[in-house]
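So the chains spell out like this:
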Amino acid sequence: MHKIYKILLLIVIAITAKTLATAQDNKDSVSANPQYADSIPTSVNVELENIFNSKNPKEYIISNIKVTGSKSFDPNLIISISGLAVGDKVVLPGGDNFSRAITNLWKQNLVSNVEIYLTQLSGKNLSVEINITDRPTLTSFKFKGVSKGEADDLTPKLGLAKGRVTRVTQSLKMTATDIIKKFYIDKGFRNVDVDVIETKDPKNANAVNIVFDVNKNGKVRIQEIYFAGNKYVSDLKLKKQMKGTKEKSRFTLFPYVDNNVYDSTKKNHITFNEYLHENGYLIPTKTKELLDPYFRFKFLSSAKFTEKKYLEDKNHILDYYNSLGFRDATILADTTYNDKGDIDVAIKLSEGNRYYFGNITWKGNTKYSDSLLSLILGIKKGDIYDAETLNKKLGTQPSADGGDISSLYQDDGYLFFRIDPVETAVYNDTIDYEIRITEGPQATIGKVEITGNDKTKEYVIRRELRTIPGDKFSRQLVIRTQRELSQLGFFDPEKINPGIVPHMEDGTVDITWGLKEKSTDQLELSAGFGGGIGLTGTLGVTFNNFSIYNILNKKAWQPLPSGDGQKLSLRAQSNGKQFRSYNFSFSEPWFGGKKRNTFTVSYYDTKYANAYNPSTGYYDRAYADSSYIKTTGFSVSLGKQLKWPDDYFALIYQLNYQRYKLKNYNIFPGLTSGISNNVSIKITLARNSSGPNPVFPTTGSNFVLSTQLTPPYSLFKTEAQLQSSDQYKWVEFHKERFTAEWYIPIGKAHGPEKDKQFILKAAAKYGFLGRYSDRTITSPFERFQLGDAGLSNNYGLLGYDIIAHRGYPVYDNSNPKINPDLSQAKEFFTIFNKYTLELRYPFTTSASSTIYGLAFFEAANGWYNIKQYNPFQLRRSVGLGMRFFLPMFGLLGFDYGIGLDRLGPNTGIKGAAKFTFMLGQEPE
C-alpha cells in the first residue's frame, strides 16, 4: 500500500516564501535559489526523502499538478503562470524549475505567499501541489484630512478606478503615498505626512478598504533668499526675476539663525549664518546685527516654495544676466534649509565678464542691402551683448509682432529664408558676428483648403482669406487672415490654425485653414408679473450666421437656415402698461457678393408712458394712454471697405428717419404734445485694426469719425415760424462724434498661458451737437446724457447718446465741484469729452466663455455751448470691474466705481461709490 504523504518542499518555498513576500513588497529584486533544495526537511516517505539525500541528481517527470489555497483564480491560470506543466522533466536536487515557478508567480503581483509541495512519488512520476495565498483586492479608498476639491484632483492621479480589480501591494501603497506627497509639495506643503490605513472588507474576506490619512502640516514658506557672488546686480533685482519664488511677507528685524547645517566640504555641522558667510553671502554677523540692525519689508508676496517654479526661476536669473551681457553667468551652488518650519534659500553665483557687441557683418543677402538690414537689426558696435535681443531682431524666435529680419523676408514671399548668426571672433569683452543669410526662392501659394467649418459655408470663409492660390506668399497676409476669420465671430479664435506646408522642390506652399465652429446665436428671455404693472418680459433672438437665401428652403431649417454669414435680430420687450418696444434688424456683410460692402436695414417702435396714477397708487391704462412718448424709427446703411490709406478703413453712409410722438409728456420747454420728424444722413469714416479676438482685443486700434446732418430747414422759415411750436416739427441739427481706442499688451507673455497677459485699453471720445443758424435753438433731440451705466432709458427714445460714466449718477451740471447727488438731471449736454484707461486681465478666452477683470480710471464731463467748454474741467473716477461673454447671452458686466469729485467733508468713499451693471455690449 502506498501512503499519501505531504512533504514540504522549500526550494525557496516554505523557508523563503515569507521572505520573498517581504522582499517583493519592499521592491527588492526577488529570485528563487535552488541551493536551498538540499536542505528541505523530509520524513516518513523514504522515496521522497531519498530525492534530497541523494548526492547524484536524478531526473523526474511531473505527472500531476494541483493548485490549492486560491479563492480568486482559476487553477489552470496559476499553473500557466508558474510555467510548470504535466510531463515536464525536473532534476532534483539542483534543478531550478520550482524556483522559476515561484518567481513567475511573484512577478504578477497576484499572490502574497507561495508554497510548493511534493505530494507523491511513484517511480519517476512526481505529484506537485502549489499552495498560494491571494493578495487582497481593493474594495474602496478614500481620503482623510483633505478638501473635496483636492480629493477630486487626487483621485485620477492615483489611477485606482472603482469597478476594476486592483491587488493591494506594498508597492501600490508606496506609489500612492509618493503621488499624494508630490501633489501637496507642488502646493507648498513640503512636510506632508501620509498614513495608509488598511482595514478588512466585512463583505469580502479577501478584500480591503484603504484610507489615505493626510496631514499637510501647513505650507512651507520662504523666509529669506540669499545671494553670493553678485557684484554687478543687486539682490533686489535678482529677486524680481524669481516670479514664482518669493520671500515671506513681513516687517521684521533680520533674524540671526543658530540652526546647524551640514557642510559637505568640511564634513561637519556649522550654523547657517556661518555657512552663508563662508560662501560669500552678504548678511550681518551677530556683532553687526547688534550694532547695525536693519529692517526688511515685503508686502503681500506669495512665499510658497515649489521645486518646479524654483528651477524655472534659476533659469530666469541666468536669462536676466545674459540680457545684461553676462553670458558666462552660472549658478555655482544653491541650497535650501529649514528655518523654524519654513525654509531659507541660498544661491551662489559666478557672474563672469560682461560682453559687448563688436562688428556685425552680413553674408548672402542680395534682396536687401547691408545698411537696411543693419537699420532693422538696431544693434550697434559697443551695445551690451544680449543673445535674446539678437535672436528677436533676426527673427529666429517666432513672433507675431514682426519688425525683424525674418519677417521682412517672409512678408515678401521668402518662406524658405534661413538666417544663422555666427560668432567670428571673441576678444577681451567683445564679440564679432557674421550674419549668414540663405534667401532661397520666393514661394507661391499652391492649394488653400479649409477644414472644420461644419456650419459656415466655404464661400463665406474664402471671401475673407488673404492667402489666394497663385499669389506670392506673405507672412503678414497669413496673420491678417487669422484676424479676419476671428472677426467673423463664427470660430474659436484660439483654434484658427494655418497649416503651412512648404514644398521646396517646386517653390510652392500649401495652406490648410483649420477651424472650429463655436456657438454664435443669442437668446434673451425673461417674464414676470407685477402688481399694478401687468405682464413684463423680454423675448429676443439674434442669429449671427443666418442665411436669408435659404429662407424658403424647408430642408435648410435645422432649426433655422444658417451658414451665409448674415445677421438677423428680433426683439420684443414689455414692462406692462409703462413700456413696450419692438426691434428688427438685418445685416449682409457682403452686399452683392463681390466686395466687402455692408448693407444693414433696421426698424424699431417704442413707447414709454407715465402710467402711474398717484391717486390710486397703481399703474393705470388710462394714465398710460394720456401721457406718453412714442418713437418709431427706420434706417438703412451701406458700408464700403476702402483701399486707401489702407484696407482697415471703411466708409459708411446711413439714412435715418425717426418719428417722435409726444402726448402730455413734458420733456422740453414748449413741447409737451405733438409730432416731430427727424430725417438725417450720417457719414462715418472708421479704421479698425483691433483684434484678433473681437470680444477681448489685445492689439491694434479703433478710430471712428462721424457726422450726422439734417436738412437746414431754418433757411426756408420765417422768424414767426421759428418762434412757434412748429420749430420742433422738423428736427434740425448737425452732430459730430470722434472715438479713438488703443489696445496695448503690457509686459512679456511666456509659457503655456502666454495668452494671459495684461492689456491696457486707452480711449478718448468727443461729441458735439450744433445748429446751422443763430436764429434757431440747439436741438433738444440727439443730445448727450452723461453718467451711470450707459444703459438706454426714456431719453434714449429721443435719440440721446447715453454716455456711461462709472462712479457717477446722471448729471447735467458742468462744474465738477457741484455734487450731482444733490440735484436731479433735467437738461443735457451738447458737448462732451470722455477719457478712459483700463487695465484688463483675461481669466479665460475660450470659445465657451470669455471672462476678464479690469481696473479703470475715467474722466468725463459735458457742456452746453462752446463758450463753457473746458477740456480740463473733468469729473474723475476709479474702480474695478468684471466682464463675462457667454455666446448664448452676449456680454455681461459689473463695475464698482468711486467718483473722486463726489468725495467731500460729508461724503466718504462709501457715499461716493456706485455699482453699475451693463448688458449686451460695452457702453459708450
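For the structure, check the block above.
Anyway, here's the lowdown on the structure attached to this text. Predicted model only: the values in this text are computed from it and were never measured.

A few words now on the packing of helix α3 (residues 75-82) against helix α4 (residues 97-107). Remark: α3 packs on α4, axes separated minimally by 7 Å, with the N-to-C direction vectors making an angle of 115 degrees. The angle between α3 and α4 falls in the class roughly perpendicular. Contacts from Ile 78, Ile 81 and Ser 82 in α3 reach Arg 100, Ala 101, Asn 104 and Leu 105 in α4. Here the residues of the contact of α3 with α4 sort into 4 nonpolar, 2 polar and 1 charged.

With that settled, the discussion passes to the sheet that holds strand β7 (residues 193-201). The strand order β6-β8-β7 describes an open sheet built from 3 strands, whose pairing is mixed. Each of the sheet's edge strands pairs with one partner strand only, and the pair in question is β6 (137-144) and β7. The sheet shows a mean angle of 20 degrees between the axes of neighbouring strands, direction not considered. Alignment of β7 against strand β8 (residues 204-215), held across 9 bridges, turns out to be antiparallel.

Turning our eyes to something else, we now look at the side chain of Asp 201. Positionally, Asp 201 belongs in strand β7. Although Asp 201 is buried, it makes no salt bridge; Lys 203 carries the closest opposite charge, 6.7 Å away. Ignoring sequence-local partners within four residues, the contact set of Asp 201 consists of Thr 139, Ala 207, Val 208 and Asn 209.

Before going further, it helps to examine the pairing of strand β15 (residues 342-350). Of all 9 residues in β15, 7 are buried; the element is thus mostly enclosed. Strand direction decides the pairing type here: strand β9 (residues 222-228) and β15, joined by 6 bridges, are parallel. From the neighbouring strand, Ala 228 faces β15, where its bridge partner is Lys 348.

A few words now on a nonpolar patch on the surface. On the surface, a cluster of nonpolar side chains totalling about 640 Å² of accessible area is made up of Tyr 459, Ile 548, Tyr 549, Ile 551, Leu 552 and Trp 557. Note that Ile 551 resides in the loop between β23 (534-546) and β24 (566-575). With relative accessibility at 34%, the residue Ile 551 sits in the partly exposed group.

Moving on, we come to the pairing of strand β33 (residues 734-746). Pairing geometry for strand β32 (residues 701-709) and β33, over 9 bridges, is antiparallel. Pairing of Asn 702 across the sheet is with Glu 741, part of β33. Where β33 and strand β34 (residues 758-770) come together, 13 bridges link them in antiparallel fashion. Bridged to Pro 745 within β34 is Ile 759.

Okay, the packing of aromatic side chains next. A complete count under the given rule lists 36 aromatic pairs for this structure. Ring geometry for Phe 490 versus Phe 491: centroids 6.3 Å apart, planes at 75 degrees, classification edge-to-face. Here Phe 490 and Phe 491 have matching classes, each one buried. Following the ring pairs from residue to residue traces out a cluster consisting of Tyr 368, Tyr 409, Tyr 414 and Phe 417. Across from the ring centre of Tyr 368, 5.9 Å away, lies the NZ or CZ of Lys 367, which sits over that ring. It is Arg 806 that lies over the ring of Phe 856; its NZ or CZ is 3.9 Å from the centre.

Inside soluble globular proteins, nonpolar side chains tend to come together where they are buried. Counting 27 residues, the largest nonpolar core has Phe 98 and Leu 126 as the members making the most contacts within it. Put simply, the parts of the chain that give this core at least two residues each are β2 (58-68), α3, β3 (89-92), α4, β4 (111-122) and β5 (125-134). If you look at the next biggest cluster of nonpolar residues, it comprises 25 residues, including Leu 662, Phe 781, Ile 802 and Tyr 811.

Another aspect to go through is the sheet that holds strand β18 (residues 430-438). A sheet is described by the order of its strands in space; here 3 strands give the open sequence β16-β18-β17, paired in mixed fashion. In this open sheet, the two strands that pair with only one neighbour each are β16 (356-363) and β17 (418-427). Across the sheet, the axes of successive neighbouring strands diverge by a mean angle of 25 degrees, strand direction being ignored. Across 6 bridges, β16 lies against β18 in parallel orientation. Bridging from a neighbouring strand, Phe 357 pairs with Ile 431 of β18.

The subject of this paragraph is unusual backbone geometry. Backbone torsion omega between Gln 558 and Pro 559 reads -5 degrees, so that peptide bond is classified as cis. Locating Pro 559 in the fold gives a position in the loop between β23 and β24. Omega for the peptide link from Trp 644 to Pro 645 comes to 0 degrees, which places this bond in the cis form. The topology assignment puts Pro 645 in the loop between β29 (628-641) and β30 (649-663). In the Ramachandran plot, Asp 788 falls in the positive-phi region, its phi being about 65 degrees despite a non-glycine side chain.

Procedures and definitions
Residues numbered from 1 in each chain as written. Predicted model: local features only at pLDDT ≥ 70, side-chain atom pairs only at ≥ 80, totals over all residues. Heavy atoms only, no water. Axes fitted to C-alpha atoms, helices over the stretch in contact; angles between N-to-C directions. Helix = DSSP H or I, 4+ residues; strand = E, 2+ residues; numbered from the N terminus. Parallel < 35°, antiparallel > 145°, perpendicular 65-115°, else oblique. Contact = heavy atoms within 4.5 Å. Nonpolar A, V, L, I, M, F, W, Y, C, P; charged D, E, K, R; others polar. Pairing = 2+ DSSP bridges. Buried < 20%, exposed > 50% of the residue type's maximum accessible area, 1.4 Å probe, protein only. Lys, Arg positive; Asp, Glu negative; His and termini not counted. Salt bridge = Lys/Arg side-chain N within 4 Å of Asp/Glu carboxyl O. Patch = residues over 30% accessible without salt bridge, like charges linked within 9 Å, V, L, I, M, F, W, Y side chains within 5 Å. Areas by Shrake-Rupley, 256 points an atom, 1.4 Å probe, with all protein chains shown as cover. Phe/Tyr/Trp six-rings, centres within 6.5 Å; stacked < 30°, edge-to-face > 60°. Lys NZ or Arg CZ within 6 Å of the ring centre and 35° of its normal. Core = buried A, V, L, I, M, F, W, Y, C linked by side-chain atoms within 4.5 Å.

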